[in-house]
Structure formats: structure tokens, C-alpha cells
Amino acid sequence: MNPEFDLIVVGGGASGMMAAGRAAERGLKVLLLEKNKKLGEKLRISGGGRCNITNAEENERLLLKMYGESEQFLYSLFAQFGVNGTFRFFEGRNLPLIVEARKRAFPKAQKAEDVVSVLEKFVRAGGATVRLSTPVTKVNVEEGLITSVECKGERFTAKEYVLATGGISHPETGSTGDGLEWLRQLGHTVAKPTPTIVPLAVNDAWVKELSGISLENMRLTFYVEGKKQFRIDGGLLFTHFGISGPLILNSAHKVADLLYSGSVTATLDAFPDTDLGSLEQKILTVFEASKNKTLKNVLREFLPAGIQKGIALLLTDHLDIETKVHSVSKNDRKCIVQLLKALPMTIEGLMGFDRAVVADGGVPLTEIDLKTMRSKKILNLFVTGDLLHVNRPSGGYSLQLCWSTGFVAGSHAAVHKHV
């Protein structure tokens, strides 16, 4: 029986659409199977709906260092399709990009939907067949090769296959780990996923009081059983469940390690560039000008914008914030200063896969030919995107991995004959 297609791509996310579009562009007969009603569901919510397409680091060595231990494996992959390739691909399809802080690249229109639209047009322009609401339920194998996939009673056959189902972050978008289980059944090693780029859960009442507030230029220091471990500087976002933002997301894996060692706490320095003496003088100057106001009402005059409510709640555990400023004692003033330089938090843990930007886990790169993305176990299988065990920070690195692996898989499909 002759296969119906040259290539079947399972998963219509970032790497799947790129692989299907590239293979179809090369003239292959391609079928793209997607379980959701739309392509690119996770892409639509990425970057808060803005889609951080890539990181515009021009120095490839510096860029690949951000992938940690995977760096050594990625040079041949990125040589075929790297950051410059991503810019050419999207801007060449009338989607101009802009580069923001930390070299994060976004669509100029700030719409993730536009990214999905470009990719969907790319897939369809090459004549690929797209089947939506068609979840794959089984992958059939004979003599070390995939022979077909089954979907709701239907069976589809191809010469080669791409698994691009994603990991298990944001399961509401369809990333439920199906591909990881199939890969395990196909003989691949599959590292257990953990949410690696994820917010931190904090139960302190003053933190929850600030939900929705973001701050720049903060310093956060982490402790285990009271012993200092590491500190980070930058911006953070308060949420109803704790703290988030790029600074937190990119440190979550280090905090995860600390949680195995004991009770984890943190202190937030709201004035990292001001020493205790200078901060006390700043507060004293405000107090001198507002002697007849209550402490509660002058907080906004020296605190970072938006955090007055939370700090007021925290201060009530230490002093009476209804006290007139002229009656605030020197010791109370020092208490305020020390508190603002070390606002206390108790880290309850990491949020789960539902809030993870990226989950690691998946197939080790040693089991994949990174020049083609072909499996070394199943010779007519390609593996892309979040199914690969690659740690990376937030900031565009995850999607760049998807574009690179998808394009390379689509470029090499149907190049080799299988014995």
C-alpha cells in the first residue's frame, strides 16, 4: 500500500506549523493534524498575547550559552536556521518585528494572532492539508518505522512523520504530554517534565494586596533556613498567587533546587540603590514636611508607586500607621527603613504546569540527529520544539528553538530512504 502523504506532522503549534509549511514549500505532500479547533493555540497566548518571537542576540555563541548544557548540540541546527532566519522569515511575510529590553523581539503590532496568521498562510500556501479537531490517538510501528497514525477511527499513512505536540505547559491549549508518551513507547528516553519557567507561589498577605502591580529596579534575596543563597536584580510583577515577571520566571529553576533543601524565604529590597542611612534621611525629610499627617497618608510620598497598600498592611504588624508623623519615634522610623530594605516573603513553592511558560523534560538531544531533527531510534520520525529536553530561559529562546527545529525538520523530510 502506497502512503497517502510524504509527511504527516502531528501538532499545529509553532514548530509543527513551521515544519509543515517548510516541507510543503519544498513540494512534499503534507498532512498537518491538530487536536484543537484552531492552529497555534499556545502561540496566541504567548508573551501575554504579544508573542516574544525570538531573542535578537546577534552573537550566536552568547545566544546558545543561554541553552545551558544543550549549547554544544545546537550549533549545526542554528547554522541552518537561527535568529537571522527568523527575522527574514517573518519580516519577509510582512510582519515587522521590534526589539525591546533584553533583546526580546516582538511583532511591531504587538499581536500574537498576527504570528499565527503568518504561519497558517505559510502552511496553506504550500498546499499542505490541514485537519483541525483531529487528535491522534495512536501511533503504529512496524520493524522500527512508523507506519500510520490513528485519529478517531481514521488512519493516515506517510513516508515520514514529525511529532510536534509540545510539552505539558499550559495544558488548556492542548499540550497534555501525548507526544512524550508516544516517544517513550517508541523507545526514546523521556526526561520527566518539570515547570522550569514559572511564577513563585507566595502566601504573604501584603504580597497578595499588591496583585497586578509591577515594579522595576528591585532586589530579591533568597534564603534557605535563614542562610543567604543568591540574589537577583530587576523587575517583578505581584500576582494574586505570588510573584512573577521575567526576573522571577528565569530564576524559578534555582528556587526549585532550594525548596528541596528546606524552608525558603526571600526579602525584597525596594530601594536597592539607596543605603540605610540615605533612605532614613529621605523619609525624615518627608516627615519634616508632613508633621501633622498620619503615617498611613505619607507612605505614597516616599514609596515606589502603587505599593502603599501592601506596605501599610505589613507595617500594621509593627506599629500604628494611624499615628501622626510628628509622633513617630526614631526606633519606629528605623523599623520602617529596615523593613523597606528587606520586605519579607515566604516562598511556598513553584506554580504548576498550568502557569508555566515552559516545561522542560522530553527526549535528550543525544537521541536526535540535530543536523536534521531525525530520531536515531525511529528513522522516519522527526522530533521538534518542546518535546526536546532543553532548558532555556524566557525571553524568546523557547520559540526560537521551535522555529529552528521545525524548519530543519521540514527541510530534511523525505531526503533519505529508509532501509
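Just so it is clear, the structure is predicted and the values come from calculations on it, not from any experiment.

Undergrad: Looking at this structure, how should I read the environment of Leu 340?
TA: Tracing the sequence through the fold places Leu 340 in helix α14 (residues 330-341). When its relative accessible area of 2% is taken as the criterion, Leu 340 is described as buried. Sequence separation of Leu 340 and Ala 270 is 70 residues, and the distance between their C-alpha atoms is 5.8 Å. Excluding residues that lie within four positions of it along the chain, Leu 340 makes contacts with Leu 268, Asp 269, Ala 270, Phe 271, Leu 279, Ile 283, Phe 302, Leu 303 and Ile 311.

Undergrad: What exactly am I supposed to notice about the pairing of strand β7 (residues 138-142) here?
TA: Each regular strand shows side chains that alternate between the opposite faces of the sheet. With 5 bridges joining them, β7 and strand β8 (residues 145-151) adopt antiparallel strand pairing. Bridging from a neighbouring strand, Lys 138 pairs with Glu 150 of β8. In sequence, β7 turns back onto β8 through a hairpin of 2 residues, with Glu 143 there showing a positive phi of about 50°.

Undergrad: What is the right way to read the pairing of strand β13 (residues 214-224) from this model?
TA: Relative to strand β14 (residues 227-238), β13 runs antiparallel, the two being bridged by 9 bridges. Residue pairing for β14: Leu 220 is matched across the bridge by Ile 232. Hairpin connection of β13 to β14: 2 residues between the antiparallel strands, including Glu 225 at a positive phi of 50°. As paired elements, β13 and strand β16 (residues 264-269) share 6 bridges and run antiparallel to each other. Residue pairing for β16: Phe 222 is matched across the bridge by Ala 266.

Undergrad: Help me out: how do you make sense of the environment of Phe 302 in this one?
TA: As for its placement among the helices and strands, Phe 302 is situated in the loop between α12 (295-298) and α13 (308-315). What makes Phe 302 buried here is its relative accessible area of 2%. For the pair Phe 302 and Leu 279, spaced 23 residues apart in sequence, the C-alpha separation works out to 9.3 Å. Beyond its immediate stretch of four places on either side in the chain, Phe 302 contacts Phe 271, Lys 282, Ile 283, Val 286, Phe 287, Ile 336 and Leu 340.

Undergrad: Just checking my understanding: could you explain the sheet that holds strand β17 (residues 343-350) for this structure?
TA: Strand pairing in a sheet relies on backbone hydrogen bonds, with the paired strands running either antiparallel or parallel. The 6 strands lie next to each other as β12-β15-β14-β13-β16-β17, forming a closed barrel whose pairing is antiparallel. On average, adjacent strands in this sheet sit at an angle of 45° to one another, irrespective of strand direction.

Undergrad: Even after reading the chapter, I still don't get the pattern of salt bridges, so can you show me in this structure?
TA: As enumerated under the stated definition, the model contains 22 salt bridges in all. Between Arg 124 and Glu 120 there is a salt bridge, and its shortest N-O distance comes to 3.3 Å. With Arg 124 and Glu 120 both in helix α6 (residues 112-125) and 4 residues apart, the pair spans about one turn of that helix. For Arg 124, a relative accessible area of 41% corresponds to the partly exposed category. Residue Lys 341 is joined to Asp 269 by a salt bridge in which the shortest nitrogen-to-oxygen separation is 3.0 Å. Taken as a pair, Lys 341 in helix α14 and Asp 269 in strand β16 lie far apart in primary sequence, 72 residues in all. For Lys 341, a relative accessible area of 17% corresponds to the buried category.

Undergrad: Explain the confidence of the model for the protein chain to me, please; I cannot follow it from the model alone.
TA: Segments scoring low in pLDDT should not have their predicted coordinates read at a detailed level. Confidence in the prediction for the protein chain averages 88 pLDDT; 92% of positions are at 70 or higher. Note on residues 168-175: pLDDT is under 50 here. Beyond four places in sequence and across chains, it has 34 contacts.

Undergrad: Is there a simple way to think about the packing of helix α11 (residues 276-289) against α14 in this case?
TA: When two helices pack together, their arrangement is given by the angle between the helix axes and by the axis-to-axis distance. Taken N-terminus to C-terminus, the directions of α11 and α14 make an angle of 125°; their axes are 10 Å apart at the nearest point. Comparing the axis directions of α11 and α14 gives the class oblique. Seen from above, α11 lies across α14 with right-handed handedness. Across the interface between the two elements, Leu 276, Leu 279, Glu 280, Ile 283, Leu 284 and Phe 287 from α11 touch Arg 333, Lys 334, Ile 336, Val 337, Gln 338, Leu 340 and Lys 341 from α14.

Undergrad: For this particular structure, what's the right way to read α13?
TA: Each α-helix turn comprises 3.6 residues. Residues three or four places apart therefore point the same way. By the criterion of burial, α13 is predominantly enclosed, with 6 of the 8 residues buried. Listing the buried residues of α13 in full gives Gln 308, Gly 310, Ile 311, Ala 312, Leu 314 and Leu 315. Buried-residue contacts for α13 involve α8 (205-208), α12, α14 and β17.

Undergrad: What is the right way to read the packing of aromatic side chains from this model?
TA: Each aromatic ring pair is summarised here by two numbers: the centre-to-centre distance and the angle between the ring planes. The full count for this structure, using the stated rule, is 9 aromatic pairs. Summarising the aromatic geometry, the rings of Phe 89 and Phe 122 are spaced 4.9 Å apart at their centres and angled 80° between planes, so their arrangement reads as edge-to-face. Residue Phe 89 is located in helix α5 (residues 83-91), and its partner Phe 122 is located in helix α6; the two are separated by 33 residues in the primary sequence. For the pair formed by Phe 89 and Phe 122, the shared burial category is buried. With 5.2 Å between their ring centres and 65° between their planes, Phe 90 and Trp 403 make a pair best called edge-to-face. You can see Phe 90 sitting in helix α5 and its partner Trp 403 sitting in helix α15 (residues 397-412), a full 313 residues away along the chain. The same class applies to Phe 90 and to Trp 403, which are both buried. It is Lys 29 that lies over the ring of Phe 5; its NZ or CZ is 5.3 Å from the centre. Seen from the ring of Phe 230, Lys 254 lies directly overhead, with NZ or CZ sitting 4.2 Å from the centre.

What counts as what
Position labels on residues start from 1 in each chain and follow its written sequence. Local features are withheld for residues below a pLDDT of 70 in this predicted model, meaning they are given only at 70 or higher, and side-chain atom pairs are given and counted only at 80 or more; totals for whole chains, interfaces and linings count all residues. Processing note: side-chain calculations cover all non-hydrogen atoms of the structure and skip hydrogens and water entirely. Strands here mean DSSP runs of E at least two residues long; helices mean DSSP runs of H or I at least four residues long; both are numbered from the N terminus. Only protein chains enter the accessibility calculation, which uses a 1.4 Å probe; a residue is then buried when its area is under 20% of its type maximum, exposed when over 50%, and partly exposed in between. By the convention used here, residues are in contact when the closest approach between their heavy atoms is within 4.5 Å. A pair of strands is treated as paired once DSSP finds two or more bridges between them. Fitted lines through C-alpha atoms serve as axes, helices being fitted only where they are in contact, and the angles separating the N-to-C directions of these axes extend from 0 to 180 degrees. We define a salt bridge as a contact between a side-chain nitrogen of Lys or Arg and a carboxyl oxygen of Asp or Glu at a distance within 4 Å. Residue-level confidence of the predictor is summarised by pLDDT, bounded by 0 at the bottom and 100 at the top. Should an angle fall under 35 degrees it is called roughly parallel, over 145 degrees roughly antiparallel, and 65 to 115 degrees roughly perpendicular, with every other angle called oblique. A clockwise turn of the near helix away from the far one marks a right-handed crossing, whereas an anticlockwise turn of less than a right angle marks a left-handed crossing. Each Phe, Tyr or Trp ring, with Trp reduced to its six-membered ring, pairs with another whose centre is within 6.5 Å; inter-plane angles below 30 degrees give stacked pairs, above 60 give edge-to-face pairs, and intermediate values give tilted ones. Note on criteria: charge over ring means Lys NZ or Arg CZ within 6 Å of the ring centre, with the direction from the centre no more than 35 degrees off the ring normal.

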